[in-house]
Each structure stands twice: as structure tokens, then as C-alpha cells.
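So the chains spell out like this:
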Amino acid sequence: AHDVRGQAIALQVLGRMFTDIGDEENSIRYLNLASETFSGEDLFKLNLENNLGVARQNAFHHEEAIPHFLAALTLAKRLQIDSRTRVIQTNLALSHLWLENLPEASQVLADIGAPSRQPSGHLQAETYRLNALLAFREGRLRPALALIQHALKDVDPKSSPNNFRLVHYTAYEIYRALGER
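Read on for an overview of the structure. (Residues numbered from 1 in each chain as written. Predicted model: local features only at pLDDT ≥ 70, side-chain atom pairs only at ≥ 80, totals over all residues. Heavy atoms only, no water.)

1. Thoughts on helix 9 (residues 165–178)
Rules: Each helix is a run of DSSP H or I of at least 4 residues and each strand a run of E of at least 2, with the numbering of both proceeding from the N terminus. Expected span of a helix, by definition, is 1.5 Å for each gap between consecutive residues, and there is one gap fewer than residues. Here's how the labels work: a residue is buried when its accessible area is under 20% of the maximum for its type, exposed when over 50%, partly exposed in between, all with a 1.4 Å probe on protein chains only. The directions considered for the arc are those from the helix axis to the C-beta atoms. Contacts are assigned to residue pairs that have any heavy atoms within 4.5 Å of one another.
With 14 residues, helix 9 extends 20 Å between its outermost C-alpha atoms, agreeing within 8% with the 20 Å of an ideal straight helix rising 1.5 Å per residue. Every buried residue belonging to helix 9 is among V167, T170, A171, E173 and I174, and all of these are buried. With its buried residues spanning 160 degrees around the axis, helix 9 presents them on a single face. For helix 9, the elements touching its buried residues are helix 7 (122–137) and helix 8 (141–151). Positive backbone phi, at 80 degrees, marks G179, one or two positions downstream of helix 9.

2. Looking at a nonpolar patch on the surface
This is how it is decided: Here, patches come from residues exposed beyond 30% relative accessible area and free of salt bridges, joined within 9 Å for like charges and within 5 Å for nonpolar side chains (Val, Leu, Ile, Met, Phe, Trp, Tyr). Here the Shrake-Rupley method, with its probe set to 1.4 Å, supplies the accessible areas, and only the displayed protein chains count as covering residues. Think of a salt bridge as a Lys or Arg side-chain nitrogen and an Asp or Glu carboxyl oxygen that are within 4 Å of each other.
The grouping of I9, V13, L14 and M17 at the surface amounts to a nonpolar patch, some 320 Å² of accessible area in total. For M17, a relative accessible area of 48% corresponds to the partly exposed category.

3. Comments concerning the nonpolar core
Most often, soluble globular proteins keep nonpolar side chains buried together rather than apart. In plain terms, the rule: Definition of nonpolar core: a set of buried residues of the types Ala, Val, Leu, Ile, Met, Phe, Trp, Tyr and Cys, connected through side-chain atoms within 4.5 Å.
Core analysis: the biggest nonpolar cluster contains 22 residues, and F69, I88, L92, L97, L109, L130 and L134 have the highest contact counts within it. Elements with a contribution of two residues or more to this core: helix 3 (42–58), helix 4 (62–78), helix 5 (82–98), helix 6 (102–112) and helix 7. Examining the composition of this core, we find that seven residues originate from one element, helix 4, more than from any other. In this view, L92 contacts I66, F69, L70, L73 and V108; residues no more than four positions away in its chain are not counted. With 14 residues, the next largest nonpolar core counts A144, L145, L152 and V155 among its residues.

4. Considering the packing of helix 1 (residues 4–20) against helix 2 (residues 24–37)
The line we're drawing: Simply put, an axis is a line fit to the C-alpha atoms, just over the touching stretch for a helix, and the angle between two N-to-C directions goes from 0 to 180 degrees. Angular relationships are summarised with four words: roughly parallel below 35 degrees, roughly antiparallel beyond 145, roughly perpendicular across 65 to 115, and oblique for the angles in between. Here a crossing is taken to be left-handed if its near helix is turned anticlockwise relative to the far helix by less than a right angle, and right-handed if that turn runs clockwise. Gly is placed with the polar residues, together with every amino acid not listed as nonpolar (Ala, Val, Leu, Ile, Met, Phe, Trp, Tyr, Cys and Pro) or charged (Asp, Glu, Lys and Arg).
At a minimum axis separation of 7 Å, helix 1 and helix 2 run at an interaxial angle of 165 degrees. Compared by their axis directions, helix 1 and helix 2 come out roughly antiparallel. Helix 1 and helix 2 meet at a crossing whose hand is left-handed. Seen from helix 1, the contacting residues are V4, Q7, A8, L11, Q12, L14, G15, R16, F18 and T19; seen from helix 2, they are E24, N26, S27, Y30, L31, L33, A34 and T37. Looking at side-chain class alone, the contact of helix 1 with helix 2 contains nine nonpolar, seven polar and two charged residues.

5. Here's the deal with the pattern of salt bridges
Inspection of the entire model under this criterion finds 10 salt bridges. Of the charged contacts in the structure, one is a salt bridge between E64 and R56, with a shortest N-O distance of 3.4 Å. R137 is paired through a salt bridge with E100; the nearest N and O atoms lie 3.5 Å apart. Here R137, found in helix 7, pairs with E100, found in the loop between helix 5 and helix 6; they are 37 residues apart in sequence, far enough to count as distant. On the accessibility criterion, R137 (26% relative accessible area) is partly exposed. Take E100: its relative accessible area is 44%, and that puts it in the partly exposed class. Beyond isolated ion pairs, a larger network of salt bridges with shared partners links D42, K45 and R78.

Everything listed here is a matter of coordinates, which is why it stays silent on function.
Here it is, written out as C-alpha cells:
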């Protein structure tokens, strides 16, 4: 028997691996192959749409990423997977911020809710970071500083995990704009 679903999952895993190593062109190619191979299951489609959005986001094709995130968000809400919903919303907010779609980014962040109400760890720090980035892009530097300080309150800069690098970079940008080191 021909396992089409299994092949599509393998193609999706390959696509994610290419995303992880920064090869978005091959990532998108394999994710598209996965989509062409199988699309008969909502959870598979949710992950595929989010992964396609991330690959396009990493390639700085934010306008192309947004429809994928919206499709994934619709599926995550329908399937009532709150943890995936929040991750997809953070991805969506980031693409809106990159495109300077500040009202849209603000709405997505409002839908996510207060960063202090998010599970502690990276998702909470990322939610603080995105809110700080929104404030920064709106020219509200002091609120941006307060938000990024919350994101980093329990993080040791000498031993923080790699997934906090964007939080550190956002802090750098805010401090630089304020003329502080």
C-alpha cells in the first residue's frame, strides 16, 4: 500500500529541517511538495500552513507569510488548540510588525492577551518582545524598554538559550535608540 500521508509528513519534516538551517528556498519546495502529496487532515494542514508561513517569514517574504498564518490560525481555533493558536498569533504579529502594519499587529497582540498571562518561558518572553517591538515602532521608547526588561527579567545574558537571541537583539535596538548601553 502507498502511504501518501506518511510521505507528506516526511516531506514536511524535510521542509522544517531546511527552515532550521536557513535554507528557505528548499524548505518552501519540500513544504509545497507535502501540500501537493496530502492535505486531507486538519492537523496536518495546520502544521503545514504554519510551517509555510515561517519559511516565508524567515525569507523576509512577510506578505506571503501572512495568508499561511491566517489559514493556520483558522484551523488552530477550529481544532481548539490554544497553545498552537498563540504560537501562530506570535508569528502573524511578527510579520505585521516587519511590514509596519502596526494596527494589525496591535490587534493580534491584543487577541493574544497580556504577556504576563502567557505561560512562562520563551512564549511569554516572545509576547513581551513583540509588544516591546510594537511600542518601539510606534515611537513609545519608555514603554518599549519596560516591556523588553520584563522579557529578560529571568534571563542570564551569558547563558540564555539560543531562542532568546531575538529578545536580546530587540533589547539592543531599544537601548540604542535611547542612547543607553
